[in-house]
Protein chains: 2
Amino acid sequence: MVLFRRLLGDVLRERRMQRGMTLRQVSAEARVSLGYISEIERGQKEASSELLASLCAALDASLSDVLLDVSQAVAVEEAALAPIPISQGSAARRSGDVVASAA
Amino acid sequence: MVLFRRLLGDVLRERRMQRGMTLRQVSAEARVSLGYISEIERGQKEASSELLASLCAALDASLSDVLLDVSQAVAVEEAALAPIPISQGSAARRSGDVVASAA
């Protein structure tokens with residue numbers, strides 16, 4: 001199962017690194033405890049929508065851009081988990097063919 | 001402040017409607033209480049990453065597609081909240097020009 005909070009954490013950490021900011025700086029900017037931000041970056045805690053907005057602001061990133069990054073990272077994992085494109089699989093099932101397992 | 005859970009709720013409701021599913025059907029499919037899904041659709045509750053994955057599966061939607069939709073909906077709200085594109089504003093500030101308020 002592809003978990004939103006894990007990929008979100010990856011994206012937030014990457015954006016922080018790109019800006020050369022420390023956890024301490026983001027913590028001060030977003031007024032969120034350093035430990036909490038660290039847990040979010042490691043995908044161990046869910047970020048509330050308000051906290052996510054604060055983190056994006058602290059990183060000078062738009063929420064839409066962050067979500068776009070997460071969407072793309074999720075898509076990569078989804079593709080890795082499902083080697084056979086869903087459309088091909090569906091077409092094969094509709095036509096009654098036996099679908100060979102890719103596993 | 002643009003809140004992730006509100007736009008996520010809108011997208012999840014829209015996808016459910018497109019599939020012609022009732023809350024009851026999604027509830028049974030995702031094994032989540034009907035009331036909880038309703039609150040998520042109205043942006044009143046945060047969905048955990050596990051719940052979000054279950055809801056996407058129940059709606060036969062990929063998480064990446066749902067997040068892409070949310071990203072786009074967020075971008076529309078961000079644009080409405082900030083009439084002057086950030087890039088123009090930044091360029092104007094860098095050049096030392098006085099930036100007129102659009103408000």
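Residues numbered from 1 in each chain as written. Chains lettered and ligands numbered in written order. Predicted model: local features only at pLDDT ≥ 70, side-chain atom pairs only at ≥ 80, totals over all residues. Heavy atoms only, no water.

Trainee: What is the right way to look at the overall build of chain A in this model?
Mentor: A count of helical and extended segments in chain A gives 6 helices and 0 strands. Along the chain direction, N to C, the helices and strands of chain A fall in the order α-α-α-α-α-α. Looking at chain A as a whole, 41% of its 103 residues qualify as buried. When contacts within chain A are restricted to residue pairs at least 6 apart in sequence, those whose partners lie at least 24 apart make up 64%. When the accessible surface of chain A is split by element, carbon and sulfur atoms take 53% of a total near 5,900 Å². (Helix = DSSP H or I, 4+ residues; strand = E, 2+ residues; numbered from the N terminus. Buried < 20%, exposed > 50% of the residue type's maximum accessible area, 1.4 Å probe, protein only. Contact = heavy atoms within 4.5 Å. Areas by Shrake-Rupley, 256 points an atom, 1.4 Å probe, with all protein chains shown as cover.)

Trainee: Looking at this model, I keep getting lost on the nonpolar core. Mind explaining?
Mentor: If you look at soluble globular proteins, the nonpolar side chains tend to sit buried side by side. Counting residues in each nonpolar core, the largest one holds 52 residues, and the members touching the most others are A:Phe4, A:Val70, B:Phe4 and B:Val70. Those residues in contact with B:Val70, other than ones at most four positions away along the chain, are A:Leu67, B:Phe4, B:Leu7, B:Leu8 and B:Val11. (Core = buried A, V, L, I, M, F, W, Y, C linked by side-chain atoms within 4.5 Å.)

Trainee: Would you mind going over the interface of chain B and chain A with me for this structure?
Mentor: The figure often quoted for interface size is the accessible area lost as the parts come together. Taken together, the contact pairs 22 residues of chain B with 22 residues of chain A. With both chains or domains summed, chain B and chain A bury close to 1,800 Å², and 62% of this area falls on carbon and sulfur atoms. Of all residues in chain B, the largest losses of buried area upon contact with chain A belong to B:Phe4, B:Ser49 and B:Leu67, amounting jointly to 27% of the total for that side. In this assembly, chain B and chain A are joined by 2 salt bridges. Across the salt bridge formed by A:Arg5 and B:Glu50, the nearest N and O atoms sit 2.6 Å from each other. Viewed at the interface, chain A and chain B are joined by 12 residue pairs in polar contact (both at pLDDT 80 or more). (Buried area = accessible area lost by both parts, 1.4 Å probe. Salt bridge = Lys/Arg side-chain N within 4 Å of Asp/Glu carboxyl O. Polar contact = N/O pair within 3.5 Å; in protein donor to acceptor, adjacent residues only side chain to side chain.)

Trainee: So what exactly am I meant to see when it comes to the environment of A:Ser62 here?
Mentor: With respect to the element layout, A:Ser62 can be found in the loop between α4 (49-58) and α5 (63-81). Apart from residues no more than four positions distant in its own chain, A:Ser62 is found in contact with A:Cys56 and B:Glu78. A distance of 3.2 Å separates a polar atom in the side chain of A:Ser62 from a polar atom in the side chain of A:Ser64.

Trainee: How should helix α3 (residues 34-41) of chain A be read in this particular structure?
Mentor: Three- or four-residue spacings in an α-helix give side chains the same orientation, since the helix completes a turn every 3.6 residues. All names here are of chain A. Every buried residue belonging to α3 is among Ile37, Ser38, Ile40 and Glu41, and all of these are buried. Around the axis of α3, the buried residues are gathered within 160 degrees of arc, so they sit on the same side. Positive phi shows up at Gly43, right after α3, with a value of about 75 degrees. (Arc of directions from axis to C-beta.)

Trainee: What exactly am I supposed to notice about the packing of aromatic side chains here?
Mentor: Two descriptors summarise a pair of aromatic rings, namely the distance from one centre to the other and the angle between the planes of the rings. Applying the stated criterion across every chain yields a total of 1 aromatic pair over all chains. Between A:Phe4 and B:Phe4, the ring centres sit 5.0 Å apart and the planes meet at 5 degrees, which makes this aromatic pair stacked. Linking A:Phe4 in helix α1 (residues 4-18) with B:Phe4 in helix α1 (residues 4-18), this pair reaches from one chain into another. The residues A:Phe4 and B:Phe4 share a single accessibility class, namely buried. (Phe/Tyr/Trp six-rings, centres within 6.5 Å; stacked < 30°, edge-to-face > 60°.)

Trainee: I keep staring at unusual backbone geometry and nothing clicks. Help me out?
Mentor: Excluding glycine, residues mostly carry a negative phi; peptide bonds, for their part, are mostly trans. All names here are of chain A. Phi at Asp60 takes a positive value of approximately 55 degrees, unusual for a residue other than glycine. Topologically, Asp60 is positioned in the loop between α4 and α5. Judged by its relative accessible area of 60%, Asp60 is exposed.

Trainee: Please clarify how helix α2 (residues 23-30) of chain B should be interpreted in this entry.
Mentor: Residue and element names in this part refer to chain B. Residues Leu23, Val26, Ser27 and Ala30 constitute the buried set of α2. Projected onto a plane normal to the axis of α2, the buried residues spread over an arc of 105 degrees and lie on a single side. Projecting away from the buried face of α2 at angles above 90 degrees are the exposed residues Arg24, Ala28 and Glu29. Those residues of α2 that are buried lie in contact with α1, α3 (34-41) and α4 (49-58). Just past α2, the residue Arg31 takes up positive phi, approximately 55 degrees.

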